[in-house]
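Descriptive structure summary
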Amino acid sequence: MTVAPLDACYLKITSNPNPSVPKPNNELVFGKTFTDHMLTVEWDIETGWGIPEIKPYGNLSLDPSCCVFHYAFELFEGMKAYRTKDNKISLFRPDMNMKRMNKSAERICLPSFDEEELIKLIGKLIEQDKHLVPEGEGYSLYIRPTMIGSSNGLGVSIPTKAMIFVILSPVGPYYKTGFKAVKLEATDYATRAWPGGCGDKKLGANYAPCILPQRQAASRGYQQNLWLFGPEKYVTEVGTMNVFFVFEDSKTGKKELVTAPLDGTILEGVTRASVLELARQNLNPSEWEVNERYCSIYEIAERSKKGELIEAFGSGTAAVVSPIKEIGWENEKIDIPLLAGEQSGALTKSVAAWISDIQYGRVQHKNWVRVVAEL
Ligand SMILES: *Cc1c(COP(=O)(O)O)cnc(C)c1O
């Protein structure tokens with residue numbers, strides 16, 4: 001028997017008989033509204049990938065013994081489609097999400113798939129619901145590709161059946177009124193990821209355990225955890241975003257943009273990679289260094305005291321960049337300056353503009369943007 005690869009040419013489309021009208025932009029709440037259609041493809045260890053289907057958005061039907069419910073055979077991606085001024089709908093670096101999705105699948109013994117074929121299928125799904133992609137700066141279509149193990153039975157073993165599904169959610173800007181700088185609690189009593197673990201993969205199982213520490217931080221007045229790791233207390237990530245710090249050497253005046261290295265404990269953010277690439281391209285090397293290196297909370301506290309900590313921000317698909325204004329660490333309060341009367345630092349603002357200019361098609365980028373539909 002041949003094992004079929006994922007192939008977009010077999011796509012079957014069943015249109016939703018009750019198409020919805022777009023919600024007004026001000027009613028969009030992140031991840032609450034979904035479009036009219038979803039994509040599903042099933043996989044079987046004997047026969048491979050089945051017929052991809054676009055059909056009306058609706059419930060899945062799974063046996064209660066299904067392995068996804070018991071042993072967390074689940075992984076996901078988060079990406080966005082943007083509506084440009086000339087009414088094209090485009091994806092931002094979808095190849096990176098697909099590559100990461102396959103890496104996540106491999107880690108939990110779920111099947112791999114042809115990345116280009118899934119991009120084509122996601123494109124077809126968006127085409128189907130293109131009238132629901134919101135218009136305007138900060139508005140986009142959030143895309144949630146998901147893969148689950150779907151074989152039945154309580155034995156702990158490799159799933160013999162699996163399924164990819166993709167759902168779409170029209171979303172507004174993360175911060176309704178421009179930026180809103182956040183306060184973080186430096187957290188060392190809970191650990192998000194560790195060497196040899198799977199914190200560098202987008203597995204659902206990594207997220208549920210982070211809610212309790214987040215609530216604990218929130219009870220002390222902090223929006224998110226700044227995850228520390230090890231006896232050195234290296235900063236790793238913030239909430240579910242990568243994290244960047246900006247230092248300015250008080251003697252030389254040289255500035256440095258720093259983020260944690262990809263050592264297996266850091267989620268390989270597409271936004272992180274894009275920030276690094278654009279910073280290396282746009283910042284003058286005689287004034288700036290851009291480094292992926294370990295940086296501890298001790299270094300951050302010490303350099304803050306010397307006035308050398310000048311900016312900090314998180315990066316991720318949902319908010320793109322999210323400025324940080326304060327870190328609570330033990331009994332200290334580390335203040336991070338913001339531009340006068342604003343909610344971010346200067347580089348944070350530039351980075352946000354560089355990325356959104358490309359996403360909304362105001363600046364052309366030959367490799368990062370892929371048009372999937374036109375209105
Ligand atoms: C998704 C995610 C990120 C950000 O990745 P992007 O590809 O930039 O959206 C960072 N950290 C964690 C833990 C994540 O789950």
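Residues numbered from 1 in each chain as written. Predicted model: local features only at pLDDT ≥ 70, side-chain atom pairs only at ≥ 80, totals over all residues. Heavy atoms only, no water.

An unreviewed UniProt entry annotates the chain as Branched-chain-amino-acid aminotransferase originating from Tetrapisispora phaffii. If you open the UniProt record of the chain and go to Sequence similarities (unreviewed entry), you find "Belongs to the class-IV pyridoxal-phosphate-dependent aminotransferase family." The UniProt entry for the chain carries this comment under Cofactor (unreviewed entry): "pyridoxal 5'-phosphate". (UniProt positions renumbered as here; feature names shortened; annotations may be inferred.)

Moving on to the site of the ligand. Taken together, the neighbourhood of the ligand is formed by 14 residues, with K202, Y207, E237, T271 and T317 sitting nearest. Between E237 and the ligand, the recorded distance is 2.5 Å, taken from a side-chain N or O atom to a nitrogen atom. T317 is positioned such that a nitrogen or oxygen atom in its side chain is 2.6 Å from an oxygen atom of the ligand. In isolation the ligand offers 380 Å² of accessible surface; the protein chains occlude 95% of this area. When contributions to the shell around the ligand are tallied by element, the ones reaching two or more residues are β13 (241-248) and α5 (270-282). In the shell around the ligand, the residues fall into four nonpolar, six polar and four charged. (Near = heavy atom within 4 Å. Polar contact = N/O pair within 3.5 Å; in protein donor to acceptor, adjacent residues only side chain to side chain. Areas by Shrake-Rupley, 256 points an atom, 1.4 Å probe, with all protein chains shown as cover. Helix = DSSP H or I, 4+ residues; strand = E, 2+ residues; numbered from the N terminus. Nonpolar A, V, L, I, M, F, W, Y, C, P; charged D, E, K, R; others polar.)

Right, let's get into the packing of α5 against helix α7 (residues 346-359). The interhelical angle for the contact between α5 and α7, taken along N-to-C directions, is 105°, at an axis separation of 10 Å. It follows from the interaxial angle that α5 and α7 lie roughly perpendicular. From α5, T271, S274, V275, L278, A279 and N282 reach across to α7, where they touch V351, W354, I355 and I358. Looking at the contact of α5 with α7 residue by residue, the classes come out as seven nonpolar, three polar and no charged. (Axes fitted to C-alpha atoms, helices over the stretch in contact; angles between N-to-C directions. Parallel < 35°, antiparallel > 145°, perpendicular 65-115°, else oblique. Contact = heavy atoms within 4.5 Å.)

The final tally for this structure, using the stated rule, is 27 salt bridges. The closest approach of N and O atoms between D86 and K88, which form a salt bridge, is 3.3 Å. The exposure class assigned to K88 is partly exposed, which follows from its relative accessible area of 26%. R362 is the salt-bridge partner of E137, the closest N and O atoms lying 2.7 Å from each other. (Salt bridge = Lys/Arg side-chain N within 4 Å of Asp/Glu carboxyl O. Buried < 20%, exposed > 50% of the residue type's maximum accessible area, 1.4 Å probe, protein only.)

This next bit is on the side chain of S322. With respect to the helices, strands and loops of the structure, S322 is situated in strand β17 (residues 320-329). S322 gets classed as buried once you look at its relative accessible area, which sits at 5%. Once you skip the residues sitting within four places of it in the chain, S322 turns out to touch Y175, V182, M241, F313 and G314.

Moving on: the packing of aromatic side chains. For the coordinates displayed, the defined rule picks out nine aromatic pairs. Seen in terms of ring centroids, F92 and W368 are 5.8 Å apart; in terms of plane orientation they differ by 85°. Their pairing is edge-to-face. Taken together, the positions of F92 in strand β7 (residues 88-92) and W368 in the loop between α7 and β19 (369-374) put the pair 276 residues apart, joining distant regions of the chain. For the pair formed by F92 and W368, the shared burial category is buried. Each ring, one from Y298 and one from W329, has its centre 6.0 Å from the other, and the planes form 75°; the classification is edge-to-face. One end of the pair, Y298, is in helix α6 (residues 297-305); the other, W329, is in strand β17, and 31 residues separate them in sequence. Judged by relative accessible area, which is 43%, Y298 ranks as partly exposed. (Phe/Tyr/Trp six-rings, centres within 6.5 Å; stacked < 30°, edge-to-face > 60°.)

This brings us to the nonpolar core. Counting residues in each nonpolar core, the largest one holds 38 residues, and the members touching the most others are F113, L118, I126, I143, M147 and I164. Those elements giving two or more residues to this core turn out to be β2 (37-44), β6 (79-83), β7, α2 (94-107), α3 (115-128), β8 (140-149), β9 (161-171) and β19. Take this core: its biggest share by element is six residues, from α3. Ignoring anything within four residues of it in the chain, the contact list for I143 reads E77, G78, M79, K80, A81, L91, I122, I126, V166, I167 and L168. In this structure, L226, I297, I327 and I336 belong to the second largest nonpolar core, which totals 25 residues. (Core = buried A, V, L, I, M, F, W, Y, C linked by side-chain atoms within 4.5 Å.)

Let us look at α2. An ideal rise of 1.5 Å per residue puts 20 Å on 14 residues; α2 measures up with 20 Å between its terminal C-alpha atoms. Turning to α2, its buried residues are P94, N97, M98, R100, M101, N102, S104 and A105. One or two positions beyond α2, positive phi appears at C109, with a value near 55°. (Expected span 1.5 Å × (residues − 1).)

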